[in-house]
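Examining the three-dimensional arrangement
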Amino acid sequence: GESVGLHLPTLSVQEGDNSIINCAYSNSASDYFIWYKQESGKGPQFIIDIRSNMDKRQGQRVTVLLNKTVKHLSLQIAATQPGDSAVYFCAETLTGTASKLTFGTGTRLQVTL
Amino acid sequence: EPEVTQTPSHQVTQMGQEVILRCVPISNHLYFYWYRQILGQKVEFLVSFYNNEISEKSEIFDDQFSVERPDGSNFTLKIRSTKLEDSAMYFCASLGAETQYFGPGTRLLVL
């Protein structure tokens, strides 16, 4: 049968509130970071990226913050909506090398009405 | 908007059987990848492929695995003799300017 996986950290927020999802990355040499959203039964979907020469990048309703000193990323979602409910993964890689993505463990975001 | 597609969406097989998972990457992309995700766990890299050669592979990608680009559009992952622990979601991805775009995945169940 299927194996039982690790329990994902879960963040529950009310609709309309802001969400902050955190991620620690492992390789200090990584210079490109991406947040992916994964809905149940689907593949990871690109949300937003950031290069290591930046510490903040904003998109539509989403902001990514990068702290290279402590190897930490965060994803902020403004005015969270029910459609934001999903598992969110950060991923790290090296630009210019077409290198693999290394994913974090993921956080499940549950939006309550 | 161009997408990565994968077939089949689900595959059930008996232990020891061979399976081939198929992917059609985005048409102008040149680098292709396979990842897997065991239920409830994070996505893990298997292999990357460029110019008809493996660029990089993980320790998971042992001799039971192989990849091929048999024509100008398909990219396949073959598992020669499946094991129970091969049960997972398998994702294909292709590389745009800097970002990898993922397909919807194939759920493989080995009985």
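Below or above, wherever it landed, is the structure these notes cover.

1. Regarding the overall build of chain B
Scanning chain B from terminus to terminus reveals 0 helices and 11 strands. What you see in chain B, going N to C, is helices and strands ordered as β-β-β-β-β-β-β-β-β-β-β. Radius of gyration (C-alpha) of chain B: 13 Å, near the 13 Å computed for a compact globule of 111 residues. Sequence-distant contacts, at least 24 apart, represent 52% of the contacts inside chain B between residues at least 6 apart. Accessible surface, chain B: about 5600 Å² in total, of which carbon and sulfur atoms supply 47%. Side-chain charges of chain B comprise 9 positive and 14 negative groups, with the mean position of each set lying 5 Å from the other.

2. A closer look at the interface of chain A and chain B
On the chain B side, the residues contacting the 24 residues of chain A number 24 residues. The closest approach of N and O atoms between A:Arg51 and B:Glu98, which form a salt bridge, is 2.3 Å. Elements represented by at least two residues in the side of chain A that touches chain B include exactly strand E3 (32-38) and strand E4 (45-51) of chain A. Here the side of chain A that touches chain B is composed, by residue class, of 10 nonpolar, 9 polar and 5 charged.

3. Section: the pattern of salt bridges
Within this structure, the stated rule accounts for 5 salt bridges over all chains. Notably, a salt bridge pairs A:Asp49 with A:Arg57, separated by 2.2 Å at the nearest N-O pair.

4. Some thoughts on the pairing of strand E6 (residues 62-67) of chain A
Residue and element names in this part refer to chain A. Relative to E6, strand E5 (residues 56-58) is paired through 3 bridges, and the arrangement is antiparallel. Bridge assignment links Lys56 to a residue of E6, and that residue is Leu65. The antiparallel pairing of E5 with E6 creates a hairpin that spans 3 residues between the two strands, and Arg61 there sits at a positive phi of about 65°. Note that E6 and strand E7 (residues 72-77) share 6 bridges and pair antiparallel. Paired with Leu65 across the bridge in E7 is Ser74.

5. Notes on the nonpolar core
Residue and element names in this part refer to chain B. One finds Trp34, Leu46, Phe61, Val67, Phe75, Leu77 and Tyr90 to be the most contacted residues of the largest nonpolar core, which totals 23 residues. Listing elements by their share of this core, those giving two or more residues are strand E3 (19-24), strand E4 (31-37), strand E5 (44-50), strand E7 (65-68), strand E8 (75-79), strand E9 (88-95) and strand E11 (106-110). What Val67 contacts, discounting residues up to four positions off in sequence, is Trp34, Val47, Phe49, Ile54, Phe61, Phe75, Thr76 and Leu77.

6. What to know about the environment of A:Ala91
Residues and elements named next belong to chain A. Structurally, Ala91 is set in strand E8 (residues 86-93). Taking the C-alpha atoms as reference points, Ala91 and Leu101, 10 residues apart in sequence, are found 5.9 Å from one another. Not counting residues up to four positions away in its chain, the partners in contact with Ala91 are Tyr32, Phe33, Ile34, Tyr36, Leu101, Thr102 and Phe103.

7. A closer look at the sheet that holds strand E2 (residues 19-24) of chain A
Either a parallel or an antiparallel arrangement is found when strands of a sheet pair, and the pairing is made through backbone hydrogen bonds. Residue and element names in this part refer to chain A. Pairing within the open sheet is antiparallel, and its 4 strands lie in the order E2-E7-E6-E5. Edge positions in the sheet fall to E2 and E5, since each of these pairs with one other strand and no more. Across the sheet, the axes of successive neighbouring strands diverge by a mean angle of 15°, strand direction being ignored. The pairing of E2 with E7 spans 6 bridges and is antiparallel. Looking at the pairing, Asn22 lines up with Ser74 of E7.

Definitions and limits used
Residues numbered from 1 in each chain as written. Chains lettered and ligands numbered in written order. Predicted model: local features only at pLDDT ≥ 70, side-chain atom pairs only at ≥ 80, totals over all residues. Heavy atoms only, no water. Helix = DSSP H or I, 4+ residues; strand = E, 2+ residues; numbered from the N terminus. Rg over C-alpha atoms; globule rule 2.2 N^0.38 Å. Contact = heavy atoms within 4.5 Å. Areas by Shrake-Rupley, 256 points an atom, 1.4 Å probe, with all protein chains shown as cover. Lys, Arg positive; Asp, Glu negative; His and termini not counted. Charge placed at Lys NZ, Arg CZ, Asp CG, Glu CD. Salt bridge = Lys/Arg side-chain N within 4 Å of Asp/Glu carboxyl O. Nonpolar A, V, L, I, M, F, W, Y, C, P; charged D, E, K, R; others polar. Pairing = 2+ DSSP bridges. Core = buried A, V, L, I, M, F, W, Y, C linked by side-chain atoms within 4.5 Å. Buried < 20%, exposed > 50% of the residue type's maximum accessible area, 1.4 Å probe, protein only. Axes fitted to C-alpha atoms, helices over the stretch in contact; angles between N-to-C directions.

Nothing here speaks to function; it is all geometry.
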